[in-house]
Protein chains: 4
Amino acid sequence: MKIQKIQGLIAAPFTAMDVEGKLNLSLVKDYYAFLKRNDIKGAFINGSTGEGVSLTLDEKKLHAEAWAAATKDDDEFKVITLVGGTCLADCIDLATHAQAQGLYATAFTAPFYFKPNVNALAEVCKIVADAIPGMPFYYYHIPVLTGVNVAMYDLLNAIDGKIENFAGVKYTHEDFMDFLSCLSLENGKYDMLWGRDENMLSALILGSKGAVGSTYNYAAPLYNNLIAAYENNDFELARKLQQQSIDMIRLLGKYGGIATGKAFMKLIGLDCGEFRLPVKNMTKERFELFKSDVDGVGFQSFKSV
Amino acid sequence: MKIQKIQGLIAAPFTAMDVEGKLNLSLVKDYYAFLKRNDIKGAFINGSTGEGVSLTLDEKKLHAEAWAAATKDDDEFKVITLVGGTCLADCIDLATHAQAQGLYATAFTAPFYFKPNVNALAEVCKIVADAIPGMPFYYYHIPVLTGVNVAMYDLLNAIDGKIENFAGVKYTHEDFMDFLSCLSLENGKYDMLWGRDENMLSALILGSKGAVGSTYNYAAPLYNNLIAAYENNDFELARKLQQQSIDMIRLLGKYGGIATGKAFMKLIGLDCGEFRLPVKNMTKERFELFKSDVDGVGFQSFKSV
Amino acid sequence: MKIQKIQGLIAAPFTAMDVEGKLNLSLVKDYYAFLKRNDIKGAFINGSTGEGVSLTLDEKKLHAEAWAAATKDDDEFKVITLVGGTCLADCIDLATHAQAQGLYATAFTAPFYFKPNVNALAEVCKIVADAIPGMPFYYYHIPVLTGVNVAMYDLLNAIDGKIENFAGVKYTHEDFMDFLSCLSLENGKYDMLWGRDENMLSALILGSKGAVGSTYNYAAPLYNNLIAAYENNDFELARKLQQQSIDMIRLLGKYGGIATGKAFMKLIGLDCGEFRLPVKNMTKERFELFKSDVDGVGFQSFKSV
Amino acid sequence: MKIQKIQGLIAAPFTAMDVEGKLNLSLVKDYYAFLKRNDIKGAFINGSTGEGVSLTLDEKKLHAEAWAAATKDDDEFKVITLVGGTCLADCIDLATHAQAQGLYATAFTAPFYFKPNVNALAEVCKIVADAIPGMPFYYYHIPVLTGVNVAMYDLLNAIDGKIENFAGVKYTHEDFMDFLSCLSLENGKYDMLWGRDENMLSALILGSKGAVGSTYNYAAPLYNNLIAAYENNDFELARKLQQQSIDMIRLLGKYGGIATGKAFMKLIGLDCGEFRLPVKNMTKERFELFKSDVDGVGFQSFKSV
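Residues numbered from 1 in each chain as written. Chains lettered and ligands numbered in written order. Predicted model: local features only at pLDDT ≥ 70, side-chain atom pairs only at ≥ 80, totals over all residues. Heavy atoms only, no water.

Visitor: Which residues make up the side chain of His97 of chain D, and what are the values?
Guide: Note on placement: His97 of chain D falls in helix 3 (residues 88–100). Leave out the neighbours within four places in its chain, and His97 of chain D touches Lys61, Ala64 and Glu65 of chain D. (Helix = DSSP H or I, 4+ residues; strand = E, 2+ residues; numbered from the N terminus. Contact = heavy atoms within 4.5 Å.)

What follows is the structure, given as structure tokens:
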């Protein structure tokens, strides 16, 4: 299989919930249109931002179907779904379903209860990837959540030549030595998608072309401007924009982590409801404080519209 | 609800698989008889040893049903099933099923992808426990696998008075200060089950009465003798037996961890097949080495029969 | 060299400072008398509690000399000095000095900047121990501070037969499997001193006879009563006393850690001044709160006098 | 004090030892000439690479004096000495000595036994910096060795306006969000020196101008070429050179870590002897293997000469 490289921003959408905490699939069509409007090239659904681990198997399928339906007339927009979890049979079930729905690619992360070493990880990747021949398969590297801190350089060497549809890695970790080594491997064979929005610039200089992230949901113009500044060799501007992204991202730490993302979505007018437990949402009082802090970092000037 | 205290050994059974890696439920009846013969008081199924995380939802239910059927005429033998995972809806589904099947108790562990703090953990415990009113609910504390290292003393204080069927904790961690504090809380209200076979003696002296573990599957006489020695104040003997248990457990480290347990089961003649990926099983060559090492630690003299 | 086993409590004294933060050696004589009065069998000086790492080489020597002088007529009382640090030449210098002063034993911990593996650690132990032939040499195992988490069972196996004056280990870690394995090794050849006051009871049942700790400075009666209760097989009482020790120790966490110890010393009337930076001391306001909390855990009933 | 910014490469020299493991100060003059020849702008002595923690106080002073003497006629070449350790009195002694010797700057790292939080760290920085008024003071951030993982953005905010000679940070950590935030702070007031040779390119794009590292000792041309390529906007070449640096650095992991550096020095003909314990040196057999691997990564083409 010829590996195609993704260029530009892929958003990791939030999964919209209604007031009772049930899936709100009716929002997906608007969500897609919103991302397109902000020059986003695809959606990485059911991932960390999308609370895939908090959804049932059926919900993950319904969510994938909704995105397949919403994007069915758009050959350019790439929908990738995460099928990771601890039960491989479920992963294969979801991957097969994704392929049947015509999604662009499947992503998979390491089982995160019994944590595999590099060889066991290569083996499980193969089992899932082989279930969807011809469909691009990405490994999702996020050791801070999975606890599986295998160097991707070692994984690529372990799978090389053994998994025909292994496309690359969504790299949500901060090991640039490993990341550049992966980019360099076999003349840049693999598609390495950067997953840390707060230091995209340090990945761009290494040759990274595509990125997957959660803040691209609500601040796409900031990052598209950052990429343009980099490509125009205007590094002063690129740094300034990256620092703005950092100031915004620092608010996630201040307001309780991943759930803050849905608060940003409320601000831009695409209400995705709340996160499910065990993630805790902001109280109303905190949300008011949050809004004033958001203005302080210039959000109005670079938010998605 | 009046909390009943468990006394003696609860085994955490392996989930029997056939040669194709499918559930081998036909073994459950023999497994139960075998445990009974070795003076085991109950079974903690679908846990870490039971590969619950590697089973589908349906498989976990079928497994629970098989244990319910095998033990239906035995009022003394306690079957506890772990319903933990990252999706709370699945946990509630499994807990409700366990109650309908008439199992003794439900156990639950912290969601292990998005890791809750103590307050969020108390909240998720309540949601699952409230779904099975009247059925004992245990929290399963195993931070080495979940990455959720909340002190149980803090959890018990957070839930106290709020979850009527919260029975206690299966404590698979080595924080004896925390463990004794839990035992002391409210005049010993909670049932604290020790989960580290290799240092049971250090828990007994603190007043621990019940224990849940994987090596009780194949070396029950060793531990029953250890408890008897302790109760007879024969501490020299108790230490000697604990050291034997350690020598045996050290083989798990040497031969690859949790999968070694199913190798022990082959030795005692109750073949449970292999572990599913991502856990790797011993090769045949390693198994031969393992067998000779097992004799070296005196396994023949204290194995379950 | 015949290894002698230490029985009973060894206190790890605070290093007394004057109001300017200089050594207050004049207090050592009273300190020694105070420990004797409370049935303490020895002093482990210049350790963690003693801020050895915050003292200059000369100060450590002066401190050792003061303890040597104070105890020179007492053949029973054992003074052990820690000579650990990152520079081996300094460690050898201090060990040689300790031997010249006639102290009972030297203790050494792993260099904690470049962290050795077990073989390198065995090598450095030998270099220091060989500088003081005939003087008991203890390894001080405290991975939470050194970051060197080598199993002591592995270290003892690595040094066995190679260091004639290796007496044993001050074990300040919570791995009872490792601890019992060390106690069992070669028919109990090594002197294993327990270093976690908050779970002494779990070590006693394994056969531990000696203990080194900081809370024995100010609450010796509590622990001597605990040991007596254990030896009388009155386990209910032993647990109750251990829980009292835990309640007291929990105050250290609440009031900022190691510096809280010197606050306890003020309460019992042996003012050792303040900790040096980087350790921060309690403010006066916090000290008032602390005093009321201390009464709440029954400190008056079991404090050293 | 006006903060001057360092531009270009600062090497962190190895401390030369003779065959008996004693300081070989006679090599310092040649070492300096060698660094100059390879367009190195300064030397960061007594640091991690320089085994400062394994030297006695007197040795650190003698080493500083030798570098002061060797560079006394060179106003451009900057010698910075690390005075960090766990005893603040020693640090102040060394800093005062460095100032008296006319070195360019003093660096200090967090005490690494009792690990301070950000406020205590700011306090200890002030105490050491205040002892050398007018001399640039750098904080050396290397959490992988000190275990003190305070964000430098927080430290700079904590000390800002309180330490007049605080010049900046030697940043040996991979948190580019924190690093860029420090670069951005108060219009780039602080001198942020990059300390991870293997991803210098990702720091250059953020505006980093100076770097301190160990591989600049023996592969300076590689990095000077990398910087030139970056400044010429030839990013393809810059990436290729960074990848070469990574391939070389991967050999450090393969051959045992920091001690591999002295093996590289032997290859370029400036024999610095061996590392002191607890660091272990390569055996002769390993050294032969190492030499062939070194050729495989193209070392001859970019080594210092």
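Visitor: Pulling in residues and values, what's your account of the relation of the copies chain A and chain D?
Guide: After a rotation of 180° and a shift along the axis of 0.0 Å, chain A superposes on chain D with an RMSD of 0.0 Å. Here the symmetry operator amounts to a two-fold rotation axis. Minimal C-alpha separation from the rotation axis in chain A is found for Ser202 of chain A, amounting to 2.2 Å. A symmetric contact is evident, with 100% of the interface residues of chain A recurring at the interface of chain D. (Least-squares fit on C-alpha atoms with pLDDT ≥ 70 in both.)

Visitor: How would you summarise the UniProt feature "binding site: pyruvate" (unreviewed entry) in chain A if you had to cite specific residues and measurements?
Guide: All names here are of chain A. UniProt feature "binding site: pyruvate" (unreviewed entry): in the numbering of this structure it lies at Thr49 and Val212. Annotated residues spanning 164 residues; largest pairwise C-alpha distance 10.8 Å, indicating a single compact cluster. Setting aside its immediate chain neighbours within four residues, Thr49 contacts Ala12, Pro13, Phe14, Thr15, Ser214, Asn217, Ile258 and Phe275. Tracing the backbone through its elements, the reader meets Val212 in strand 8 (residues 210–213). The class for Val212 is buried, based on a relative accessible area of 0%. The residues touching Val212, leaving out its near neighbours within four places in the chain, are Ile10, Phe44, Lys170, Leu193, Trp194, Gly195 and Asp197. (UniProt positions renumbered as here; feature names shortened; annotations may be inferred. Buried < 20%, exposed > 50% of the residue type's maximum accessible area, 1.4 Å probe, protein only.)

Visitor: Kindly report on the interface of chain A and chain D, identifying the contributing residues and their values.
Guide: Listed as interface residues are 25 residues of chain A and, on the opposing side, 25 residues of chain D. Between chain A and chain D, roughly 2,300 Å² of surface is buried when both sides are summed, and carbon and sulfur atoms account for 61% of that area. Applying the counting criterion to the chain A and chain D interface returns zero salt bridges. Where chain A touches chain D, the interface holds twelve residue pairs in polar contact (both at pLDDT 80 or more). Elements that contribute at least two residues to the side of chain A that touches chain D include exactly helix 7 (176–184), helix 8 (200–204) and helix 10 (235–254) of chain A. It is helix 10 of chain A that provides the largest number of residues to the side of chain A that touches chain D, a total of seven residues. For the side of chain A that touches chain D, a count of residues per class yields twelve nonpolar, eight polar and five charged. (Buried area = accessible area lost by both parts, 1.4 Å probe. Salt bridge = Lys/Arg side-chain N within 4 Å of Asp/Glu carboxyl O. Polar contact = N/O pair within 3.5 Å; in protein donor to acceptor, adjacent residues only side chain to side chain. Nonpolar A, V, L, I, M, F, W, Y, C, P; charged D, E, K, R; others polar.)

Visitor: I'd like to hear about the interface of chain B and chain A, residue by residue, with values.
Guide: The interface of chain B with chain A comprises 31 residues on the first partner and 31 residues on the second. For the pair chain B and chain A, the two sides together bury roughly 2,700 Å², of which 70% comes from carbon and sulfur. Contact with chain A buries surface across chain B, with Tyr113, Phe114 and Pro278 of chain B losing the most and accounting together for 30% of the total. The interface formed by chain B and chain A contains two salt bridges.

Visitor: Outline the relation of the copies chain B and chain A, listing residues and values.
Guide: With an axial shift of 0.0 Å and an RMSD of 0.0 Å, the rotation relating chain B to chain A amounts to 180°. The share of interface residues of chain B whose copies in chain A are also at the interface is 100%, consistent with both copies meeting through the same surface.

Visitor: Let's hear about the sheet that holds strand 7 (residues 191–194) of chain C: which residues, and what values?
Guide: Residue and element names in this part refer to chain C. With respect to topology, eight strands assemble into a closed barrel ordered 1-2-3-4-5-6-7-8, the strand pairing being parallel. Averaged over all pairs of adjacent strands, the angle between strand axes in this sheet comes to 25°, irrespective of strand direction. When strand 5 (residues 137–141) meets strand 6 (residues 166–171), the two strands line up parallel, connected through five bridges. By the bridge assignment for strand 6, Tyr139 is matched with Val169. Strand contacts of helix 4 (residues 118–130): strand 4 (105–108) and strand 5, with the helix running at about 140° to strand 5, the strand carrying the most contacts. (Pairing = 2+ DSSP bridges. Axes fitted to C-alpha atoms, helices over the stretch in contact; angles between N-to-C directions.)

Visitor: Which residues make up the pairing of strand 7 (residues 191–194) of chain A, and what values go with them?
Guide: Looking down a regular strand, the side chains alternate between one sheet face and the other. All names here are of chain A. Every second residue of strand 7 is oriented toward a common face, with Asp191 and Leu193 on one face and Met192 and Trp194 on the other, all of them buried. Judged from the four bridges that link them, strand 6 (residues 166–171) and strand 7 form a sheet pairing that is parallel. Bridge assignment links Tyr171 to a residue of strand 7, and that residue is Trp194. Relative to strand 8, strand 7 runs parallel, the two being bridged by two bridges. Residue pairing across strands places Leu193 opposite Gly210, the latter belonging to strand 8.

Visitor: So, unusual backbone geometry: which residues are in play, and what are the values?
Guide: The omega torsion of the bond from Leu277 of chain A to Pro278 of chain A falls at 15°, within 30 degrees of zero and hence cis. Along the chain, the position of Pro278 of chain A falls in the loop between helix 11 (260–268) and helix 12 (284–296). One non-glycine residue, Asn46 of chain A, lies in positive phi territory at about 60°. A positive phi angle, near 45°, is found at Glu186 of chain B, a position not held by glycine. Looking at where Glu186 of chain B falls in the secondary structure, it is placed in the loop between helix 7 (176–184) and strand 7 (191–194).

Visitor: Please set out the arrangement of the chains residue by residue, giving values where relevant.
Guide: Regarding chain A and chain C, which are not in contact, the minimum distance between any of their C-alpha atoms is 20 Å. Regarding chain B and chain D, which are not in contact, the minimum distance between any of their C-alpha atoms is 20 Å.

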